[in-house]
Amino acid sequence: MSKYKNTLAFAQEKDQFDPLRKWRDEFLIPDFHEKPVVYFTGNSLGLQPKRTQEYIQQELNDWAKWGVEGHFDAKNPWFSYHELLTEKAAKIVGATNKEVVITHSLTTNLHLLMVSFYRPKGKRIKILCEGKAFPSDQYALQSQAKHHGYSIDEAIVEVFPREGEHLLRNEDIVSKIEELGDELAMVMIGGLNYYTGQLLDMKSITEAGHKVGAKVGFDLAHAAGNVELSLHDWNVDFAAWCTYKYMNSSPGGVAGLFVHEKHVTNDDLPRFAGWWGHNKEKRFKMEPEFQPIQSAESWQLSNAPVLGMAAHKASLDIFDEVGMAAISKKREDITAYLEFVINEVSKASENADFEIITPKNPKERGSQLSILAHGQGKDLFDAMAKEGVVADWREPNVIRIAPVPLYNSYEDVYRFSEILKNAIQ
């Protein structure tokens, strides 16, 4: 007997007793549609916190008042603005303050990190990644291999799901790491797969990589702010993430990077340098030789994009007030409710068969569910969009939806199920 019911009364009761209910009012729900919007694409772009405008306006006011002097005299001095984000970001990814910095963009950060951690030598040249990684990751890995003089085929090894399956098996990833052995230079995998919504076992992957002498890093674009992470304790070498999905930091907003504590004080570790990564005490002495800050900050290049960071700070403050434990608790429940109503609609329909290819185990997924719509084409997706559902379509027939705990309601889930049912008919 399920603990869920696919009724409006049940959904409204869940909302009434939801500990995170008030946080929905902290966000601006899109109103571009004639009908109330069901926004299930926080896995592509998070919604705008209401406080974002105030945070950005503060910096605009200080720019107007102070001009260049705002670097030191603004309410939040721009010289050290990125430091306002560090502790709160570190909590979200399970890191120490010296291991995290908010800077640049996701793929830029991945390239900068791979300069340091992809160091092919002799026969140890292989990079292991997931098959059909997000294209930006594929391009980054391929260009890194080519930069070192290797062809894609000789340097990059992909792990795919088994025949007839949609998900990667952890034992297959570990087995491939062991098989590559002393030919493996680096593992670089998406911690949570953008297509299936599968959360990988990053701890065991890291342990397996280190056991054969490889460096291990993760793209956390779909994991940061979505699931609880423990990068420091897992002994991950490096990681990078964008902040505009689950962390609501504005379109194309600033990104984060993590470098494990054991690496940040290694001045001999190769890295591309810029003056914002140079010793803060000596930065304005304009010295000719780079002296890296003894933290992840040394991977910074240029001074902080303050307006983008102000937008990110608005959301980080909310995360800090709510906490990842509470966010994760609701995420598991509201995602399970969404899974329930989709299955109910599928069972009741003669015209559609919906297969959720995201793992059923809540510990192996985040907010996102990926629905394989057997026997349906994009007409179904378009029909739902006409009724106010904002979701994501991936060819040939996958619909990605993500109920975000901070601003999605259980009533959103119920309304989605009704729209889905009517769209089939």
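Residue numbers run consecutively from 1 along every chain, following the written order of its sequence. In keeping with the model being predicted, local features are shown solely for residues with a pLDDT of at least 70 and side-chain atom pairs are shown and tallied solely at 80 or more, while totals for entire chains, interfaces and linings include all residues. In computing side-chain properties, one takes all heavy atoms of the structure into account and sets aside hydrogens as well as water.

## Points about the sheet that holds strand E9 (residues 353–356)
Test applied: When DSSP finds two or more bridges between a pair of strands, those strands are recorded as paired. What counts as a helix is a DSSP run of H or I of at least four residues, what counts as a strand is a run of E of at least two, and both are numbered from the N terminus. To obtain each axis, a line is fitted to C-alpha atoms, and for helices this fit is confined to the stretch in contact; angles are then taken between N-to-C directions over 0 to 180 degrees.
The four strands lie next to each other as E9-E10-E13-E12, forming an open sheet whose pairing is antiparallel. Only two strands of the sheet have a single neighbouring strand rather than two, namely E9 and strand E12 (392–394). When strand polarity is set aside, the average angle formed by the axes of neighbouring strands in this sheet is 30°. Bridge analysis of strand E10 (residues 369–374) against strand E13 (residues 398–401) gives four bridges, and the strand direction is antiparallel. For Leu372, the partnering residue across the bridge sits in E13 and is Val398.

## Focus: the side chain of Asp62
Here is the rule: The rule is simple: take the accessible area with a 1.4 Å probe, protein chains only, and divide by the maximum for that residue type; under 20% is buried, over 50% is exposed, in between is partly exposed. When charges are counted, Lys and Arg are positive and Asp and Glu negative, with His and the chain ends excluded. For salt bridges, the criterion is a side-chain nitrogen of Lys or Arg within 4 Å of an Asp or Glu carboxyl oxygen.
Assignment of secondary structure puts Asp62 in helix H2 (residues 52–66). Within the buried core, Asp62 has no salt-bridge partner, and the shortest N-O distance to an opposite charge, that of Lys65, equals 5.9 Å.

## Remarks on unusual backbone geometry
Between Glu395 and Pro396 the backbone carries a cis peptide bond, its omega angle lying at 5°. Structurally, Pro396 can be placed in the loop between E12 and E13. Unlike most non-glycine residues, Asn248 shows phi in positive territory, near 50°. Overall, Asn248 belongs to the buried group, its relative accessible area being 3%. The phi dihedral of Ser250 falls on the positive side, at around 100°, and the residue is not glycine. Examined against the element boundaries, Ser250 turns out to sit in the loop between strand E7 (238–242) and strand E8 (255–259). Exposure remark for Ser250: the relative accessible area of 27% places this residue in the partly exposed category.

## Comments concerning helix H4 (residues 83–93)
Heads up, the condition is: Note: the arc covers the axis-to-C-beta directions of the helix. Contacts between residues were defined by any pair of non-hydrogen atoms, one from each residue, lying within 4.5 Å.
Here H4 has its buried residues at Leu85, Thr86, Ala89, Ala90, Ile92 and Val93. Seen end-on, H4 carries its buried residues on one side only, within an arc spanning 150°. Where the residues of H4 are buried, they touch strand E2 (100–102), helix H10 (231–234), E7, helix H12 (306–322) and helix H13 (324–348). Just downstream of H4, Gly94 is the residue with a positive phi angle, here 70°.

## Some details on the domain arrangement of the protein chain
To be explicit about the condition: How far each domain reaches was decided by an automatic or database domain assignment. As used here, buried area is the combined drop in accessible area, with a 1.4 Å probe, of two parts when they are placed together.
Assigned domains of the protein chain: these are domain 1 (8–49 + 323–423) and domain 2 (80–322). The C-alpha centroid of domain 2 is placed 29 Å from the C-alpha centroid of domain 1. Contact with domain 1, which involves 39 residues of that partner, is made by 28 residues of domain 2. Of the roughly 2600 Å² buried where domain 1 meets domain 2, counting both sides, 62% is carbon and sulfur surface.

## Considering the nonpolar core
The tendency in soluble globular proteins is for nonpolar side chains to be buried as a group. Just so we agree on the cut-off: Only buried Ala, Val, Leu, Ile, Met, Phe, Trp, Tyr and Cys residues count toward a nonpolar core, and they belong to the same one when joined by side-chain atoms within 4.5 Å.
In terms of nonpolar packing, the biggest core is built from 69 residues, with Val93, Leu128, Ile173, Ile177, Leu220, Trp241 and Leu406 touching the most fellow members. The residue makeup of this core includes at least three contributed by each of domain 1 (8–49 + 323–423) and domain 2 (80–322). The contact partners of Leu220, leaving out residues within four places of it in the chain, are Gly191, Met202, Leu229, Leu231, Ala239, Ala240 and Trp241. One finds Tyr337, Leu369, Ala373 and Ile424 within the second-largest nonpolar core, a separate group that totals 34 residues.

## A look at the pairing of strand E5 (residues 184–190)
For E5, the buried fraction is high: seven of the seven residues fall into the buried class. Where strand E3 (residues 126–130) meets E5, three bridges bridge the pair, whose relative direction is parallel. Along E5, the bridge assignment pairs Lys126 with Leu184. Note that E5 and strand E6 (residues 215–219) share five bridges and pair parallel.

## What to know about the side chain of Asp15
Rules: Residues adjacent in sequence count toward polar contacts only when both atoms are side-chain atoms; beyond that, a polar contact is any pair of N or O atoms within 3.5 Å, and within protein one must be able to donate a hydrogen and the other to accept it.
As for its placement among the helices and strands, Asp15 is situated in helix H1 (residues 8–16). Of the side chains with opposite charge, Lys330 lies nearest to the buried Asp15, which makes no salt bridge, at 5.5 Å. Here the side chain of Asp15 touches Tyr410 through a polar contact of 2.8 Å, landing on its backbone nitrogen. With residues up to four places along the chain from it excluded, the contact list for Asp15 reads Arg21, Ser409, Tyr410 and Glu411.

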